[in-house]
Amino acid sequence: MAAKLIVGLGNPEPQFAWTRHNAGFHVLSSLAAIDVFASIETADCAVITIASAEVVLARPVTGMNSTGKAVKALLQSWSFSPSDLLIVQDDVSLPMGRMRFQHGGGAGGHHGIESTIQELNGESGFDRLKLGVGPDVRGDLRAQFLLGPIADDVTELYNQSVATAADAVKHWVESGVQSAMSRFNGVNLAKRS
């Protein structure tokens, strides 16, 4: 029986593969080789071992705005509760190079989280790892910014962020959200570049 469910948010269409909005997918791909993911009805899944615990990694194929349908199906089919769940998402309000663990709370305008809370009948008591992809361009340009290709001049920092986020996920599995908050919420990789 798997101990934890980690869902990385993104859009499955090829044109969105290398975009900021697919940060959750990128972190999960860093944790497990792409070819170990197997498709089920609502998600591509892999089962890996982290710190002697079996962990299900899932990338929803429902599209970002319908993420909640996949999360609900995954929780039911694997008999997980929301307390076993970590969602890895992009966060345009955080600058690139930063990340933040959070337990519960609102959606903060993120449609994937909005969909999840709605499908779980208002339940928001799950953990999130928000990967900074800002700066936030706001307004009408935000969608274009999030769904456009990641620019060459930030690729190195973005890849470092994804790798660090993968380490952060492992720490969450081993030590829980409070320890992960203490260790990773203050990280600023942009200062190291």
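As the structure is a prediction and not an experimental result, all values here were calculated from the model.

Analysis parameters
- Residues numbered from 1 in each chain as written.
- Predicted model: local features only at pLDDT ≥ 70, side-chain atom pairs only at ≥ 80, totals over all residues.
- Heavy atoms only, no water.
- Helix = DSSP H or I, 4+ residues; strand = E, 2+ residues; numbered from the N terminus.
- Rg over C-alpha atoms; globule rule 2.2 N^0.38 Å.
- Buried < 20%, exposed > 50% of the residue type's maximum accessible area, 1.4 Å probe, protein only.
- Core = buried A, V, L, I, M, F, W, Y, C linked by side-chain atoms within 4.5 Å.
- Contact = heavy atoms within 4.5 Å.
- Salt bridge = Lys/Arg side-chain N within 4 Å of Asp/Glu carboxyl O.
- Pairing = 2+ DSSP bridges.
- Axes fitted to C-alpha atoms, helices over the stretch in contact; angles between N-to-C directions.
- Phe/Tyr/Trp six-rings, centres within 6.5 Å; stacked < 30°, edge-to-face > 60°.
- Lys NZ or Arg CZ within 6 Å of the ring centre and 35° of its normal.

Novice: So what exactly am I meant to see when it comes to the overall build of the protein chain here?
Specialist: Looking only at helices and strands, the protein chain has six helices and seven strands in total. From first element to last, N terminus to C terminus, the protein chain shows the α and β order β-α-β-β-β-α-β-β-α-β-α-α-α. For 193 residues, the compact-globule estimate of 2.2 N^0.38 gives 16 Å, and the C-alpha radius of gyration of the protein chain, at 15 Å, lies within 12% of that figure. Its C-alpha atoms put the protein chain at 45 × 35 × 30 Å along the principal axes. Residue burial in the protein chain is summarised as follows: out of 193 residues, 52% are buried.

Novice: Is there a simple way to think about the nonpolar core in this case?
Specialist: Across soluble globular proteins, you tend to see nonpolar side chains buried next to one another. The biggest cluster of nonpolar side chains holds 38 residues, and the ones touching the most others in it are I6, F101 and L129. Per-element accounting of this core gives the leading share, nine residues, to helix α5 (residues 155–175). Beyond its immediate stretch of four places on either side in the chain, F101 contacts L86, R128, L129, A168, V169, W172, V177, A180, M181, F184 and N185. Counting 20 residues, the second-largest nonpolar core is a separate cluster that includes L5, F80, I87 and L120.

Novice: Help me out: how do you make sense of the pattern of salt bridges in this one?
Specialist: Close approach of charged atoms allows side chains with opposite charge to pair. The final tally for this structure, using the stated rule, is one salt bridge. Its salt-bridge partner being R142, residue D136 comes within 2.4 Å of it at the nearest N-O pair. Since its relative accessible area comes to 31%, R142 is described here as partly exposed.

Novice: Would you mind going over the pairing of strand β5 (residues 85–95) with me for this structure?
Specialist: Put simply, side chains in a regular strand alternate between the two faces of the sheet. Of all eleven residues making up β5, nine are buried, and the element is well covered by its neighbours. Here strand β1 (residues 4–8) runs beside β5; their pairing, made up of four bridges, is parallel. Among the inter-strand pairings, L5 is bridged to a residue of β5, identified as L85. Here seven bridges tie β5 to strand β7 (residues 127–134), and the two strands are oriented parallel to one another. What sits directly across from Q89, in β7, is K130.

Novice: Would you mind showing me how to read the sheet that holds strand β2 (residues 38–39) here?
Specialist: Remark on secondary structure: sheet strands pair via backbone hydrogen bonds, oriented parallel or antiparallel. On the basis of which strands lie adjacent, the open sheet formed by seven strands has the order β2-β3-β4-β1-β5-β7-β6 and mixed pairing. The strands lining the two open edges of the sheet, one partner per strand, are β2 and β6 (99–103). Relative to strand β4 (residues 53–60), helix α1 (residues 23–31) is tilted by about 145 degrees, and along the sheet it contacts β1, β3 (43–50), β4, β5 and β7.

Novice: Can you walk me through the packing of aromatic side chains in this structure?
Specialist: The relative placement of two aromatic rings is captured by the distance of their centres and the angle of their planes. Taken as a whole and assessed by the stated rule, the structure comprises three aromatic pairs. On the basis of an interplanar angle of 90 degrees and a centroid distance of 5.5 Å, the ring pair of W18 and Y158 is categorised as edge-to-face. Taken together, the positions of W18 in the loop between β1 and α1 and Y158 in helix α5 put the pair 140 residues apart, joining distant regions of the chain. Given the relative accessible area of 35%, W18 is considered partly exposed. Note that K4 overlies the ring of W172, its terminal NZ or CZ placed 5.2 Å from the centroid. Against the face of F25 rests R59, its NZ or CZ located 6.0 Å from the ring centre.

Novice: Any chance you could explain the environment of N159 here in plain terms?
Specialist: Tracing the chain through its elements places N159 in helix α5. Classification of N159 as partly exposed rests on a relative accessible area of 39%. Note: C-alpha distance between N159 and M96 (63 residues apart in sequence) is 10 Å.

The quantities given are spatial measurements derived from coordinates; they are silent on function.
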